Amino acid sequence: MKAVRLHDYHKPPSVEDVPDPVLTGPLDVIVKIGGAGVCRTDLHIVEGQWEKAMNPTLPYTLGHENAGWIVEAGAGVTNVAVGDVVIMHPQPSCGFCPGCRCGNDMLCDNAFFPGVSDHNGGMAEYLRTSARACVKLRPGTEPAEVAALADAGLTAYHAVRKAIPLLPPGTTAVVQGIGGLGHIGIQALTALTATTIVAVDTNPAALDLAKSIGAGHIVLADGSHIEHVTDITDGHGADVVFDFVAEGGAEQDAWSMTANGGSHYVIGYGGELRVPTAEFVLGQRNVVGNSVGSHRELIELMELAHSGRIMLHSQRYPLDAAAQALDDLANERVRGRAVLVP
């Protein structure tokens, strides 16, 4: 089969032929990939930022946002069957550790992360994963239309779901960065809350998208955006700021847009937040980290997708064009999410 393989850090991955995956245990499944999302994390992997954390053996196959069809299942698999359309939770979990028992399977002690950790991912024609990672979709669902919801959508939804108690009517939420995650965050806020949404981005086209999917205000990040958000919020700042950028100074901007008593939700990464401790204490502001959501949240997200309340805006590329998709993402030529289709 063809797969997108990373051989060396700081060099583009290549598409090459590798052996098809095979079942190795009773709970394994083989999925024919119908769509694999291209994530900014993939750029960070190529840059070597995940080397120390995950230490994968190179070469290996990228891809952690995957959906497709079950083509083979182990003897112990009962939740899905050959022919089912599925989306895969990006971190297969064990089901037995304290995190899993509490429903926080994204905090599983034994989780692995295909395409990020030392496990082949789904930028390929086929993927071996655990049946526990699979969420069965409605028959006829097109995998390429939902694949990137497996991580980008799930992470954005998870952050919004955590913030719901902080966002009753009359509050304001800033969404900074209207990319692959941010545009899902706006839709999740619209579906789950009655807060006023302020979208902030450097790209006017991204702001046009934000306005079309539920943002009440759009603000161009041109150096005066903090002042504009302050004006929109009557001088207070936002009750919650969702920072889907968190690098290049955006992390400091997000903090500056957060009201006293408010919460700064960090979802993007790559930068470094530097804040005097007195600002935490006197302003009683919170910083909340966010990553992959739970299996239950992925099920909820797919229900919203099936009902049309959350829609993934994407650009499709053939598997052979993986390097181009990564380059387009790195250079901000992708509106929404890039998806590889084998």
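Structure's up top.
What comes next is a walk through the structure. (Residues numbered from 1 in each chain as written. Predicted model: local features only at pLDDT ≥ 70, side-chain atom pairs only at ≥ 80, totals over all residues. Heavy atoms only, no water.)

What follows covers the packing of helix α5 (residues 152–163) against helix α11 (residues 295–306). Taken N-terminus to C-terminus, the directions of α5 and α11 make an angle of 100 degrees; their axes are 10 Å apart at the nearest point. In terms of orientation, α5 and α11 fall into the roughly perpendicular class. Facing Gly153, Leu154, Tyr157, His158 and Arg161 of α5, the residues of α11 in contact are Glu297, Leu298, Glu300, Leu301 and Leu304. The residue makeup of the contact of α5 with α11, split by class, is five nonpolar, two polar and three charged. (Axes fitted to C-alpha atoms, helices over the stretch in contact; angles between N-to-C directions. Helix = DSSP H or I, 4+ residues; strand = E, 2+ residues; numbered from the N terminus. Parallel < 35°, antiparallel > 145°, perpendicular 65-115°, else oblique. Contact = heavy atoms within 4.5 Å. Nonpolar A, V, L, I, M, F, W, Y, C, P; charged D, E, K, R; others polar.)

All right, on to the nonpolar core then. The biggest cluster of nonpolar side chains holds 83 residues, and the ones touching the most others in it are Ile87, Leu149, Ile186, Phe242 and Leu340. The biggest single contributor to this core is α5, with seven residues. Aside from chain neighbours lying at most four places away, what touches Ile186 is Val175, Ile178, Ile197, Ala199, Ala210, Ile213, Gly214 and Ala215. Within the second largest apolar cluster, nine residues are counted, among which are Val200, Val219, Ala238 and Met257. (Core = buried A, V, L, I, M, F, W, Y, C linked by side-chain atoms within 4.5 Å. Buried < 20%, exposed > 50% of the residue type's maximum accessible area, 1.4 Å probe, protein only.)

Let us now look at the environment of Gly262. Looking at the element boundaries, Gly262 is found in strand β13 (residues 258–266). In this structure Gly262 touches Asp239, Gln284, Arg285 and Asn286, once residues within four positions along its chain are discounted.

On to the packing of aromatic side chains, then. All chains considered together, the criterion is met by three aromatic pairs. A centroid spacing of 4.8 Å and a plane angle of 45 degrees characterise the contact between Trp255 and Phe280, whose relative ring orientation is tilted. Remark: Phe280 occurs in helix α10 (residues 277–283) and Trp255 occurs in helix α9 (residues 250–256); sequence separation between them is 25 residues. Relative accessible area serves as the criterion here: at 3%, Trp255 is assigned to the buried category. (Phe/Tyr/Trp six-rings, centres within 6.5 Å; stacked < 30°, edge-to-face > 60°.)

Before going further, it helps to examine helix α6 (residues 182–192). By the criterion of burial, α6 is predominantly enclosed, with nine of the eleven residues buried. Within the span of α6, buried status applies to Gly182, His183, Ile184, Gly185, Ile186, Gln187, Ala188, Leu189 and Ala191.

Per the counting criterion, the structure on display carries eleven salt bridges. Its salt-bridge partner being Arg285, residue Glu279 comes within 3.5 Å of it at the nearest N-O pair. Looking at Arg285, the relative accessible area reads 13%, which means it is buried. Connected through shared salt-bridge partners, Arg161, Arg296 and Glu300 make up one network. (Salt bridge = Lys/Arg side-chain N within 4 Å of Asp/Glu carboxyl O.)

As a further point, take unusual backbone geometry. That bond from Leu58 to Pro59 is cis: its omega, 0 degrees, falls within 30 degrees of zero. Examined against the element boundaries, Pro59 turns out to sit in the loop between α2 (51–54) and β4 (60–61). Although it is not a glycine, Ala246 sits at a positive phi angle of roughly 60 degrees. Relative to the elements of secondary structure, Ala246 occurs in the loop between β12 (238–243) and α9. Assessed through its relative accessible area of 4%, Ala246 is described here as buried.

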